Amino acid sequence: MMKIWQDNDKIFVGEIKCLDLDLTLDCGQAFRWSRNEDGSYTGVALSHPLTVYRDGDNLVLQGTTMEEFRDFWRHYFDLDRDYESICATLKQDELLRSTIDRYYGIRILNQDGWEALCSFVISQQNNIKRIKTIIRRLCAAYGDDLGGGLYGFPTPDRLAQVSEEELRALGLGYRAGYIAQLSRAVAGGELDLSGVSDMTLEEAKAFLMNIRGVGVKVASCALLFGFGFYSAFPVDVWMKRVMEYYPQGLPECFAGYEGIAQQYLFHWARNNLKQG
């Protein structure tokens, strides 16, 4: 059973296995975390600021409360899922066996669906550094001021009031039109994201792909990182090359956790395959 205790403004979670913060927070699934000089990370998820670090086998969350940990961060970091068991199953595949041993500790973050969808619309034809910069500007301009230079992610209602030109000024480029239209559709009730998690994967993917600016890759990323679809398997240029190693399709041991397998394979590809 997970051991949790509090010391002033720090929440300690004991004996957390399979959680490498570098691999999880800086791998391209979330764009609002920054690594500090001491190895900790500071960031914001939706409107919740946090500094987090490892202390041996303990996970330490600083700047939060026990209530907020139970209501938000516990789910965000997916602390109740048995990643050790999942990884043991995935290692039935030869390529993943060596990859997991080398890069052990990647987790899927349970992000807010709205934030994840907007973030991956912005991510199109962008690198991680630039995505982070654009989202930082967007939050500073239209998110709630949380203090300490941190800002919440803008709500659909707030972004619905922002013109496409104003969004372009933040560096969104052609994506500004997508975000403007998406925000107005959600704020106006034409697009209801609340039921996405209750759909099947194929239904949810088709639903999101009806949104202007959302193709199969953006939809798959949003579903995996923002709507709890662990079976979603985003494919980009790196993953297309990985799929050459699986000419018969994904192995049976991936079933139900294709998204976790994808994150390991994506990390392996970026570090071991030549670009281009």
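Our structure is the block above this text.
Let us look at the structure shown here. (Residues numbered from 1 in each chain as written. Predicted model: local features only at pLDDT ≥ 70, side-chain atom pairs only at ≥ 80, totals over all residues. Heavy atoms only, no water.)

1. Thoughts on unusual backbone geometry
- Positive phi, close to 60°, is recorded for Leu46, a residue that is not glycine.
- Relative to the helices and strands, Leu46 resides in the loop between strand 4 (41-45) and strand 5 (48-55).
- In the Ramachandran plot, Gln125 falls in the positive-phi region, its phi being about 55° despite a non-glycine side chain.
- Along the chain, Gln125 turns up in the loop between helix 5 (113-122) and helix 6 (128-142). (Helix = DSSP H or I, 4+ residues; strand = E, 2+ residues; numbered from the N terminus.)

2. Focus: the nonpolar core
- If you look at the biggest cluster of nonpolar residues, it comprises 72 residues, and the most contacted ones within it are Leu117, Leu167, Leu193, Leu208, Leu223 and Tyr264.
- Excluding residues that lie within four positions of it along the chain, Leu167 makes contacts with Leu138, Tyr142, Leu159, Val162, Leu172, Ala176, Ile179 and Ala180.
- The next biggest cluster of nonpolar side chains, apart from the first, holds 22 residues, and it includes Ile11, Ala30, Val52 and Leu109. (Core = buried A, V, L, I, M, F, W, Y, C linked by side-chain atoms within 4.5 Å. Buried < 20%, exposed > 50% of the residue type's maximum accessible area, 1.4 Å probe, protein only. Contact = heavy atoms within 4.5 Å.)

3. Remarks on helix 11 (residues 216-226)
- The buried count for helix 11 comes to nine of 11 residues, which makes it a mostly enclosed element.
- Along helix 11, the positions that sit buried rather than exposed are Val218, Ala219, Ser220, Cys221, Ala222, Leu223, Leu224, Phe225 and Gly226.
- Where the residues of helix 11 are buried, they touch helix 5, helix 10 (201-209) and helix 13 (258-272).

4. Observations regarding the pairing of strand 4
- With four of five residues buried, strand 4 is to be regarded as a mostly interior element.
- Pairing of strand 3 (residues 33-35) with strand 4 involves three bridges; the strand directions are antiparallel. Along strand 4, the bridge assignment pairs Ser34 with Thr42.
- Between the end of strand 3 and the start of strand 4, which pair antiparallel, lie five residues, with Gly39 showing a positive phi angle near 95°.
- As paired strands, strand 4 and strand 5 are joined by five bridges and run antiparallel to one another. Within strand 5, the residue paired with Val44 across the bridge is Pro49.
- Hairpin geometry of strand 4 and strand 5 is characterised by an intervening segment of two residues between the two adjacent antiparallel strands and by a positive phi of about 60° at Leu46. (Pairing = 2+ DSSP bridges.)

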